[in-house]
Amino acid sequence: MAVSDSPPTAPRSLWAVRAALAARSFKQSWSMFRGTRIGIIGLAIILFYLLLAAAHPILMNTVWDEKIYDPVVGYAFDETRQPAPPSWSHPLGTDPLGRDVLSQLMYSARSEFMLGLLAALITVSIGTTVGAVAAYFGGVVDTVLMRLADIMIMLPGISVLIVLSALIGVEHFELALIIGILSGFGGTGVVLKSQALSVVVKPYIEAARAAGGGPVHIIFVHIVPNLLPLSFLYMMFTVTGAIFSEAVLSFLGLLNVRMSWGLMIHTTESAGYLLQVGEYWWLIFPASLSITLLCSSFYLVGRSLDEVVNPRLRRS
Amino acid sequence: MARYLIKRTLQILLTLFIFLSIVFFLVNAQPGDISHVYSLNPDLPPETRAKLQDLFGVNEPLWKQYLVYVKNTLTGNFGVSFSLYPRTVADVIGERLPRTLVLFLTATVLSFYLGFALGKIVAWRRGGWVEYGSTIGSVTLYTVFTPWFALMMIWLFAFRAGWLPIGKFLDPVEWREAPTSANAVFNQMIITMIVLSVAIFAVFLFTTRKRVAGARLIQAGSIVLTAAVVAGVWIASGVAHLAWDIVEHMILPVGTLTLISFGGAMLLTRNSMLETMREDYVTAARAKGLPEKQVRDRHVARNALLPVVTSFVFSLAFAVDGGIIIESVFSWPGMGQTLISAATTEDLPLAVGAFVFVGIFVLVAHLAADVLYVYLDPRIRY
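Scoring rules and cut-offs
Residues numbered from 1 in each chain as written. Chains lettered and ligands numbered in written order. Predicted model: local features only at pLDDT ≥ 70, side-chain atom pairs only at ≥ 80, totals over all residues. Heavy atoms only, no water. Contact = heavy atoms within 4.5 Å. Buried area = accessible area lost by both parts, 1.4 Å probe. Salt bridge = Lys/Arg side-chain N within 4 Å of Asp/Glu carboxyl O. Polar contact = N/O pair within 3.5 Å; in protein donor to acceptor, adjacent residues only side chain to side chain. Helix = DSSP H or I, 4+ residues; strand = E, 2+ residues; numbered from the N terminus. Expected span 1.5 Å × (residues − 1). Buried < 20%, exposed > 50% of the residue type's maximum accessible area, 1.4 Å probe, protein only. Domains from an automatic or database assignment. Core = buried A, V, L, I, M, F, W, Y, C linked by side-chain atoms within 4.5 Å.

Our next topic: the interface of chain A and chain B. Facing the 47 residues of chain A at the interface are 50 residues of chain B. At the boundary of chain A with chain B, total buried surface from both sides reaches about 4500 Å², with 75% on carbon and sulfur atoms. Area buried by chain A at its contact with chain B is led by Met154, Leu167 and Leu275 of chain A, which between them contribute 16% of it. Remark: the boundary between chain A and chain B carries 0 salt bridges. Where chain A meets chain B, there are 6 residue pairs in polar contact (both at pLDDT 80 or more). If you list the elements that add at least two residues to the side of chain A that touches chain B, you get α2 (37-61), α5 (139-154), α6 (157-167), α10 (215-251) and α12 (281-309) of chain A. With 11 residues, the top contributor of residues to the side of chain A that touches chain B is α12 of chain A.

Shown next as structure tokens:
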């Protein structure tokens, strides 16, 4: 990867070479990824929920009447009693407040994805920077950052979020920020630092320094790109954590959101249908199963990426 | 070893101090203060309002308030709970901390024991359906939406089958004419548990270290004997049916928490075993002609235990969170439920107090895990 920034004298430009290299390594990784069956299962589940999320605005604009199918303020006028069992017009029935469960499920899928992506991006940008900086400078900077990481690792995330939700109104953005800070300065930062340590001692870092590159240049141009595969892996685990935390908090009724899978179960609970699993299965299973499936799918993808990135786990 | 312990304890005290400070400044960063709850009353004359603010000390400079807060926290004075007025926060926590400790410790020990035992078998049979099925199973347990899983357990074992009570800590009907308080009985139960486990552990240690002949027989005999003695003492005390009531309420939450932590422990053990199996000394042990079971248990599993313990330290926060969720679903009146109900009723002194105690608990558990690690790995000497 140590391609210097000299003017391109070769017939192919620098970017073309880089793109070709990237494509080749992607192809290799993909074939390895395909070999792990669990990764494919996870990817299929993620794609399924992406489709659900994408289909919701389309359905709302074409087939579904907004008065009936709105996930938050809609009311199923066509049913005589709520919660109504599944029918052709409401494939997953309605909730105790007369809202369509399928519509709620699809609407929430989009915000879960956005929350997961946001939390993962914040985590990884903090974690990669922390790891690279700690590994590059060492000494006092390293000590301070790693002691901070110790504290972050010890903090139980859900408890922190519960206390914070009593103090400030927590919405999706705040949630993603808190998760990102906890995990980025904590566990993810530590793992990325240990990887960065093996990058820092490579000859091309020495070369960059000899050529007069400053710390900022070296960290962001030479160290961070080499951490990206591992940080991509940790993005997957962060998504699992973020979706799980969101679901738990909104299940406990501590989150300021309009609609989410956790909130759907919270509604079921406060209406008193929680233990009637047999009679009112559509109030409990769709949302809970979605949370479980989406969490485990990102986890499975992360696990199989782990086998791709980490040569020690490969089957020989 | 002693030096390491002192250093680690100092580090943890420093961490605790930073943690307390963060909590204080978080609370103080909020607009308004506690005196507003009273002084917003329009009937109050201005001088009363000023007096109230003096009384609460909210007019003092922030650093002075901070010092008072640190002093109060260190002396265990967390103030008075709003929602459970006039009980003090320390009193509420003193009642509920043991319940959480028992729930958490039992489940953690059980899940790691089971996870390790099963994980090493699964790693040994790589590629078969056993590995495939158990991996999927533990991933599901690891990522399952905890409240839903707990609900399903309640529904299955308590609601449909009716074998166990649905939630809560005890059955009020049984306790109406109880001679003692629930906490007294519960504390006796904790003491019993500790005595029982120490006795059994000592016997196991003695028989395996000294290689006594008929070790199995002695172990089984000692378990039966201690159990009989404990049962006899309890029956003689006359509150055995009350203790049994608490035990009945404990089975389901402990079981659920065990299952949830079990998945993670098993996956960890499996991965750690797979990495250890590539070491040269494993090949050497096989080449010597040792039986497979001995290679697995003596040569691979023992070395594979170390990363599991390390990761256990990292997963502690996860386990504490799991405990909090379980407590809220099972209405188990421990620290987690206290934290959640304090947060939802905006009972700030109780929320902060419970949070500080959860933090202290995690810190102490970290210290314990560190010490255990040094004990397990003879290569580490401080």
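What follows covers unusual backbone geometry. Here the amide bond leading from Gln82 of chain A into Pro83 of chain A is cis, since omega sits at -10°, within 30 degrees of zero. Assignment of secondary structure puts Pro83 of chain A in the loop between α3 (66-69) and α4 (101-137). Positive phi, close to 50°, is recorded for Ser331 of chain B, a residue that is not glycine. Considering the arrangement of structural elements, one finds Ser331 of chain B in the loop between α13 (292-330) and α14 (335-344).

In this model, helix α1 (residues 2-28) of chain B (27 residues) spans 39 Å end to end at C-alpha, consistent with the 39 Å of a helix rising 1.5 Å per residue. Buried within α1 of chain B are the following residues: Tyr4, Arg8, Ile12, Thr15, Leu16, Phe19, Leu20, Ser21, Val23 and Phe24 of chain B. Tucked into the core, α1 of chain B has its buried residues touching α5 of chain A together with α4 (62-74) and α15 (348-376) of chain B.

Time to look at the pattern of salt bridges. Should the charged atoms of two oppositely charged side chains come close, the side chains can pair. Residues and elements named next belong to chain A. In the structure shown here, the tally under the stated rule is 10 salt bridges over all chains. Between Asp142 and Lys193 there is a salt bridge whose closest N-O contact spans 3.2 Å. Within this pair, whereas Asp142 is found in helix α5, its partner Lys193 is found in helix α8 (residues 187-200), the two being separated by 51 residues in sequence.

Mapped onto the elements, Glu279 of chain A comes out in the loop between α11 (261-270) and α12. As for Glu279 of chain A and Ala210 of chain A, which are separated by 69 residues in sequence, their C-alpha atoms are 72 Å apart.

Here the focus is the domain arrangement of chain B. Often, the extent of an interface is quoted as the loss of accessible area on bringing the components together. All names here are of chain B. Partitioning chain B into structural domains gives domain 1 (2-74) and domain 2 (89-179 + 239-376). Each of domain 1 and domain 2 has a C-alpha centre, and these two points are 34 Å apart. Counting residues at the interface gives 12 residues for domain 1, matched by 11 residues for domain 2. Across the domain 1 to domain 2 interface the summed buried area is about 1000 Å²; carbon plus sulfur atoms make up 88%. Its largest share of buried area at the contact with domain 2, domain 1 owes to Ile12, Leu16 and Phe19, together 39% of the area lost on that side. Our count for the contact surface shared by domain 1 and domain 2 stands at 0 salt bridges. For the interface between domain 1 and domain 2, the tally reads 0 residue pairs in polar contact (both at pLDDT 80 or more). Looking at the side of domain 1 that touches domain 2, the element that brings in the most residues is α1, giving 11 residues.

This part covers the nonpolar core. Within the largest apolar cluster, 163 residues are counted, with the highest numbers of intra-cluster contacts made by Ile162 and Trp261 of chain A together with Tyr69 and Phe145 of chain B. Both domain 1 (2-74) and domain 2 (89-179 + 239-376) of chain B contribute no fewer than three residues apiece to this core. Here Phe145 of chain B is in contact with Phe244, Ala247, Val248, Phe251, Ile265, Ser288, Ile291 and Thr292 of chain A, once residues within four sequence places are set aside. Of all hydrophobic cores here, the second largest spans 13 residues; its members include Ala132, Ile219, Ile223 and Leu227 of chain A.

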